[in-house]
Amino acid sequence: MGDACDKIKKFIKIEITATDISGTVVRGDGTVFCREHVEFCGRGEFLVKKTVEIINKMICGMGGFKTDVKRVEIKCPWVVDYAKGIVDCEELRFDYYPLAKSVSDKVGLPVALTE
């Protein structure tokens, strides 16, 4: 039963760079369900807001069912404490910012920072 459930559950993978945010919904079997991309020039809370917007847009594209999502994974190329979900990047105005918790609180899903 575990394999069948994992194929139904989806992961939202977000990649944040200094110039854009991209998101992909991946099924448990590894197939890509949908993609979103946005360019931005914002920092700090604006970056969090845009990340949340992309996540919510992808959830809507799946029919709006958060229960279909196992977790959100965020990849970013800065100083990251993966265990605590904290990002430190002066360029983005994140001074040991709890990115994983902030996004999780806003979208209502578990969020982890990944490499």
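In short, a report on the structure. (Residues numbered from 1 in each chain as written. Predicted model: local features only at pLDDT ≥ 70, side-chain atom pairs only at ≥ 80, totals over all residues. Heavy atoms only, no water.)

1. Some words on the overall build of the protein chain
Argument step 1. Each helix and strand counted, the protein chain has three helices and eight strands in total.
Argument step 2. Its helices and strands in sequence order give the protein chain the pattern α-β-β-β-α-β-β-β-β-α-β, from N to C terminus.
Argument step 3. Along the first, second and third principal axes, the C-alpha set of the protein chain runs to 45 × 25 × 20 Å.
Argument step 4. The contacts in the protein chain between residues at least 6 apart in sequence include a share of 53% that link residues at least 24 apart.
Argument step 5. Surface accessibility of the protein chain: about 6500 Å² in total, with carbon and sulfur atoms responsible for 53%.
Argument step 6. In the protein chain, the 18 positive side-chain charges and the 18 negative ones have mean positions that sit 5 Å from each other. (Helix = DSSP H or I, 4+ residues; strand = E, 2+ residues; numbered from the N terminus. Contact = heavy atoms within 4.5 Å. Areas by Shrake-Rupley, 256 points an atom, 1.4 Å probe, with all protein chains shown as cover. Lys, Arg positive; Asp, Glu negative; His and termini not counted. Charge placed at Lys NZ, Arg CZ, Asp CG, Glu CD.)

2. Some thoughts on the packing of aromatic side chains
Argument step 1. Within the structure shown, the criterion is met by one aromatic pair.
Argument step 2. With 4.7 Å between their ring centres and 20° between their planes, F94 and Y97 make a pair best called stacked.
Argument step 3. Given the relative accessible area of 2%, F94 is considered buried.
Argument step 4. Residue class for Y97 comes out buried when judged on its relative accessible area of 16%.
Argument step 5. Geometry around F33 places K10 over its ring, the cationic atom sitting 5.2 Å from the centre.
Argument step 6. Positioned above the aromatic ring of F11, the side-chain terminus of K13 is 6.0 Å from the ring centre. (Phe/Tyr/Trp six-rings, centres within 6.5 Å; stacked < 30°, edge-to-face > 60°. Buried < 20%, exposed > 50% of the residue type's maximum accessible area, 1.4 Å probe, protein only. Lys NZ or Arg CZ within 6 Å of the ring centre and 35° of its normal.)

3. Looking at the pairing of strand 8 (residues 111–114)
Argument step 1. On strand 8, burial follows the alternation: V111 and L113 on one face are buried, whereas A112 and T114 on the facing-out side are not.
Argument step 2. Inspection of the sheet shows strand 4 (residues 69–75) paired to strand 8 by four bridges, in the parallel sense. Each bridged residue has a counterpart across the sheet, and for V72 the counterpart in strand 8 is V111. (Pairing = 2+ DSSP bridges.)

4. Observations regarding the packing of helix 2 (residues 45–61) against helix 3 (residues 99–107)
Argument step 1. Running from N to C, helix 2 and helix 3 point in directions that differ by 50°, and their axes come no closer than 10 Å. As far as their axial angle goes, helix 3 and helix 2 are oblique. In this structure, the crossing between helix 2 and helix 3 has a hand that is right-handed. Residues E45, V48, T51, V52, I55 and N56 of helix 2 pack against L99, S102, V103, K106 and V107 of helix 3. (Axes fitted to C-alpha atoms, helices over the stretch in contact; angles between N-to-C directions. Parallel < 35°, antiparallel > 145°, perpendicular 65-115°, else oblique. Left-handed = near helix turned anticlockwise from the far one by under 90°.)

5. Focus: helix 3
Argument step 1. Those residues of helix 3 that sit buried are L99, A100, S102, V103, S104 and V107.
Argument step 2. Against the buried residues of helix 3 lie strand 1 (10–16), helix 2, strand 4, strand 6 (86–89), strand 7 (94–97) and strand 8.
Argument step 3. Positive phi appears at G108, one or two residues downstream of helix 3, with a value of about 75°.

6. Digging into the pairing of strand 7
Argument step 1. Looking at chain direction, strand 6 and strand 7 are connected through two bridges and run antiparallel. Across the sheet, C89 pairs through a bridge with F94, a residue of strand 7.

7. What about the nonpolar core?
Argument step 1. Residues I12, I14, I16, I74, V87, L99 and V103 are the most contacted members of the largest nonpolar core, which totals 33 residues.
Argument step 2. Elements with a minimum of two residues in this core: strand 1, strand 2 (20–27), helix 2, strand 4, strand 6, strand 7, helix 3 and strand 8.
Argument step 3. The greatest single-element share of this core, amounting to seven residues, is contributed by helix 2.
Argument step 4. Residues within four places of V87 in sequence aside, it is in contact with C76, W78, V79, V80, F94, D95, Y96, Y97, L99 and L113. (Core = buried A, V, L, I, M, F, W, Y, C linked by side-chain atoms within 4.5 Å.)

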